[in-house]
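Summary of the model geometry
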Amino acid sequence: QVQFVESGGGLVHPGGSLRLSCAASGVSFSIYAMGWYRQAPGYQRELVALITSSGSTSYGDAVKGRFTISRDNAKNTVYLQMNSLKPEDAAVYYCKVSGWVSTQYYWGQGTQLTVSS
């Protein structure tokens, strides 16, 4: 059974920093990529950042230059360092684990980020 341990969400002031982490266990397939997505009320879920097993990264346009994704393959853990946070970054952040086949993926339960003064 897949389990996710997500941590690091919370309340931060604009301009502040926060680090999210997500550890996945019990994944039944070989992991190709781990990533973070976010969804704000009334909006579709969008890509924040993705990192492959080889270390290639991709970022959503809204977070480029401010967020950094990293990964510990041995621990099936992915991190998201978020700097220069803006109110528009507030959302539920979801961890996603993907396999090499498009139908292989799992979502974490999500962690709330609030950016407010």
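Cut-offs and rules
Residues numbered from 1 in each chain as written. Predicted model: local features only at pLDDT ≥ 70, side-chain atom pairs only at ≥ 80, totals over all residues. Heavy atoms only, no water. Disulfide = S-S within 2.5 Å. Helix = DSSP H or I, 4+ residues; strand = E, 2+ residues; numbered from the N terminus. Buried < 20%, exposed > 50% of the residue type's maximum accessible area, 1.4 Å probe, protein only. Phe/Tyr/Trp six-rings, centres within 6.5 Å; stacked < 30°, edge-to-face > 60°. Lys NZ or Arg CZ within 6 Å of the ring centre and 35° of its normal.

1. Here's the deal with the state of the cysteines
The final tally for this structure, using the stated rule, is 1 disulfide. Here Cys22 engages in a disulfide with Cys95; their sulfurs sit 2.2 Å apart. On the S-S bond that ties Cys22 to Cys95, the torsion sits near -85 degrees, and the link is left-handed. In this pair, Cys22 is assigned in strand 3 (residues 18-25) and Cys95 in strand 9 (residues 91-99), connecting sequence segments 73 residues apart. The exposure class of Cys95 is buried, given its relative accessible area of 0%.

2. Some details on the packing of aromatic side chains
Considering all chains together, one arrives at 4 aromatic pairs under this definition. Each ring, one from Tyr37 and one from Trp107, has its centre 5.1 Å from the other, and the planes form 75 degrees; the classification is edge-to-face. With Tyr37 in strand 4 (residues 31-39) and Trp107 in strand 10 (residues 105-107), this pair connects stretches of sequence that are 70 residues apart. Residue class for Tyr37 comes out buried when judged on its relative accessible area of 17%. Put simply, the rings of Tyr37, Tyr94 and Trp107 pair up and form one aromatic cluster. Sitting over the ring of Tyr94, Arg45 keeps its end group 3.7 Å from the ring centre. A cation over a ring is seen here: Lys96 above Tyr105, with NZ or CZ 4.8 Å from the ring centre.

3. Quick look at unusual backbone geometry
Backbone geometry at Asn76 places phi at a positive 50 degrees, although glycine is not the residue there. Relative to the elements of secondary structure, Asn76 occurs in the loop between strand 7 (67-72) and strand 8 (77-82). Given a relative accessible area of 23%, Asn76 falls into the partly exposed group. The residue Ser84 is not glycine, and still its phi comes out positive at about 50 degrees. In this fold, Ser84 is placed in the loop between strand 8 and strand 9.

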